[in-house]
Amino acid sequence: HSKQKTKPILLKIAPDLTDEQIDDVISVVQQTKIQGIVATNTTVSRVGLSYSHAEVENYGAGGLSGKPLTKRSTEVVKYIRSKSTIPVIGVGGIMNVKDALEKIDAGAELIQLYSGFIYEGPALISSINKALLKKYKS
């Protein structure tokens with residue numbers, strides 16, 4: 001008989017949630033014993049884009065990822081960390097080393113790259129790792 005290992009369950013949340021909605025998520029995660037929060041998914045917001053309203057409308061609905069998410073997703077990570085000890089995976093708009101370090105400084109235990117990896121390639125991961133080693137070297 002081998003004992004079956006349990007697998008962690010993480011909840012991925014939108015960056016568009018209000019602080020009150022994030023408080024509700026934290027409560028549900030604590031009650032259900034979900035092991036962590038992935039902050040954040042893509043956004044439906046189109047605020048701050050350099051494209052005209054007509055161009056944005058032409059692209060249609062859907063989740064926006066990359067640089068437009070950086071600030072808000074870091075704010076969400078920091079907010080969750082300030083309200084709980086729930087492990088957080090920081091995701092959203094990590095386009096360079098500075099963005100990665102900001103997510104970790106905000107309280108993320110792990111980070112996930114997607115758009116930054118697509119645009120910058122594997123060298124970004126190496127640069128982030130070197131920066132982390134330098135910053136947290138004993």
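Residues numbered from 1 in each chain as written. Predicted model: local features only at pLDDT ≥ 70, side-chain atom pairs only at ≥ 80, totals over all residues. Heavy atoms only, no water.

Participant: Help me understand the overall build of the protein in this model?
Facilitator: For the protein, the count of helices and strands is 6 helices and 4 strands. Taken from N to C terminus, the helices and strands of the protein fall in the order β-α-β-α-α-β-α-β-α-α. Considering only contacts in the protein between residues 6 or more positions apart, those separated by 24 or more positions represent 64%. Here the protein displays about 9200 Å² of accessible surface, and carbon together with sulfur accounts for 57% of that area. (Helix = DSSP H or I, 4+ residues; strand = E, 2+ residues; numbered from the N terminus. Contact = heavy atoms within 4.5 Å. Areas by Shrake-Rupley, 256 points an atom, 1.4 Å probe, with all protein chains shown as cover.)

Participant: Could you clarify how one ought to interpret the side chain of Asp 99 in this entry?
Facilitator: Within the fold, Asp 99 resides in helix H4 (residues 97-106). Residue class for Asp 99 comes out buried when judged on its relative accessible area of 1%. Within the local environment of Asp 99, its side chain forms a polar contact with the backbone nitrogen of Met 95, the two atoms lying 2.9 Å apart. Ignoring any residue separated from it by four or fewer positions in sequence, one finds Asp 99 in contact with Lys 67, Thr 70, Gly 93 and Ile 94. (Buried < 20%, exposed > 50% of the residue type's maximum accessible area, 1.4 Å probe, protein only. Polar contact = N/O pair within 3.5 Å; in protein donor to acceptor, adjacent residues only side chain to side chain.)

Participant: Explain a nonpolar patch on the surface to me, please; I cannot follow it from the model alone.
Facilitator: On the surface, a cluster of nonpolar side chains totalling about 580 Å² of accessible area is made up of Tyr 114, Phe 117, Ile 118, Tyr 119 and Ile 125. For the nonpolar patch, the element with the highest residue contribution is helix H5 (residues 115-120), accounting for 3 residues. Assignment of secondary structure puts Ile 118 in helix H5. The exposure class of Ile 118 is exposed, given its relative accessible area of 55%. (Patch = residues over 30% accessible without salt bridge, like charges linked within 9 Å, V, L, I, M, F, W, Y side chains within 5 Å. Salt bridge = Lys/Arg side-chain N within 4 Å of Asp/Glu carboxyl O.)

Participant: Help me understand helix H1 (residues 19-32), please; the structure alone is not making it clear to me.
Facilitator: Counting along an α-helix, one turn takes 3.6 residues, and residues three or four places apart therefore face a common direction. The end-to-end C-alpha separation of H1 is 20 Å, in line with the 20 Å expected for 14 residues at 1.5 Å each. Taken residue by residue, H1 has Ile 22, Val 25, Ile 26 and Val 29 as its buried positions. Viewed along the axis of H1, the buried residues span an arc of 100°, placing them on a single side of the element. Exposed side chains of H1 directed beyond 90 degrees from the buried face belong to Glu 20, Asp 24 and Gln 31. Close packing links the buried residues of H1 with strand S1 (10-13), strand S2 (36-39) and helix H3 (70-83). Once H1 ends, the next one or two residues include Lys 33, with phi positive near 65°. (Expected span 1.5 Å × (residues − 1). Arc of directions from axis to C-beta.)

Participant: How do you make sense of the packing of H3 against H4 when you look at a structure like this?
Facilitator: Relative placement of two packed helices is described by the angle separating their axes and the distance separating the axes. Axis separation between H3 and H4 bottoms out at 8 Å; the angle between their running directions is 20°. Our classification of the angle between H3 and H4 gives roughly parallel. Contact residues: Thr 70, Ser 73, Thr 74, Val 77, Lys 78 and Arg 81 in H3; Asp 99, Glu 102, Lys 103 and Ala 106 in H4. Residue composition of the contact of H3 with H4, by class: 2 nonpolar, 3 polar and 5 charged. (Axes fitted to C-alpha atoms, helices over the stretch in contact; angles between N-to-C directions. Parallel < 35°, antiparallel > 145°, perpendicular 65-115°, else oblique. Nonpolar A, V, L, I, M, F, W, Y, C, P; charged D, E, K, R; others polar.)

Participant: Hey, could you run me through the nonpolar core in this one?
Facilitator: Where a protein is soluble and globular, its nonpolar side chains tend to be buried together. The biggest cluster of nonpolar side chains holds 15 residues, and the ones touching the most others in it are Ile 13, Ile 22, Ile 37, Ala 39, Val 76, Val 77 and Ile 80. Elements supplying a minimum of two residues to this core: H1, S2 and H3. Sequence-distant contacts of Ala 39, that is, excluding residues within four places in its chain, are made with Ile 13, Ser 73, Val 76, Val 77, Ile 80, Val 88, Ile 89, Gly 90 and Val 91. Residues Ile 104, Leu 124, Ala 131 and Leu 132 belong to the second largest nonpolar core, which totals 8 residues. (Core = buried A, V, L, I, M, F, W, Y, C linked by side-chain atoms within 4.5 Å.)

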